[in-house]
Amino acid sequence: MKNGILQVRLNTRPVQGAANRRLIEILADRFHVPKTFIRIVAGAKNKNKTLFVPGMTSQALMPEFKAAVTGP
């Protein structure tokens, strides 16, 4: 995490939404929610994205963001 922004690097090419799907898979696994819960609300065709996870606040996700950076 850098300046409050979670940075995720993918090896998946951004062809026909494949990178977006992979990002959602990774985050769903990390946050222990179904993939269908995570939506890209802005930036679907951009490298910078805004995501929505229903029922979760940024404060609730912060420990998971930090764990993603520092490891388990």
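Every chain is numbered independently, its residues counted from 1 as its sequence is written. In keeping with the predicted nature of the model, local features appear solely for residues at pLDDT of at least 70, side-chain atom pairs appear and are counted solely at 80 or more, and the whole-chain, interface and lining totals rest on all residues. The basis for every side-chain value is the complete set of non-hydrogen atoms in the structure, without hydrogens or water.

(A) Structural context of the overall build of the protein. Summing up its helical and strand segments, the protein has 2 helices and 2 strands in all. Secondary structure elements are defined from DSSP: runs of H or I of at least 4 residues count as helices, runs of E of at least 2 residues count as strands, and each element is numbered from the N terminus. Ordered by position from the N terminus, the helices and strands of the protein form the series α-β-β-α. Across the protein, contacts joining residues at least 24 apart in sequence account for 33% of those joining residues at least 6 apart. Note that accessible areas follow from Shrake-Rupley with a 1.4 Å probe, and for residues the cover is restricted to the protein chains shown. Surface summary for the protein: the accessible area is close to 5,700 Å², and the carbon and sulfur share equals 53%. Only heavy atoms matter for contacts: two residues are in contact if any of them lie within 4.5 Å across the pair.

(B) View of helix H1 (residues 18-31). Expected span, for any helix, means 1.5 Å times one less than how many residues it has. End to end, H1 covers 20 Å across 14 residues, agreeing with the expected 20 Å (1.5 Å per residue, within 8%). Only protein chains enter the area calculation, which uses a 1.4 Å probe; residues under 20% of their type maximum are buried, those over 50% are exposed, and those in between are partly exposed. For H1, the full list of buried residues reads Ala-19, Asn-20, Leu-23, Ile-24, Leu-27, Ala-28 and Phe-31. Trailing H1 by a residue or two, His-32 shows a phi angle of about 60°, which is positive.

(C) Just the nonpolar core, in detail. Listed in full, the 8 residues of the largest apolar core are Leu-23, Ile-24, Leu-27, Ala-28, Phe-31, Val-33, Ile-38 and Val-53. When sequence neighbours within four positions are dropped, the list of residues in contact with Leu-23 reads Val-8, Leu-10, Lys-49 and Leu-51. To define a nonpolar core, start from buried Ala, Val, Leu, Ile, Met, Phe, Trp, Tyr and Cys residues and group those joined through side-chain atoms within 4.5 Å.

(D) Spotlight on unusual backbone geometry. One non-glycine residue, Gln-16, adopts positive backbone phi at about 50°. Its location among the elements puts Gln-16 in the segment before H1. The class of Gln-16 is exposed, set by a relative accessible area of 75%.

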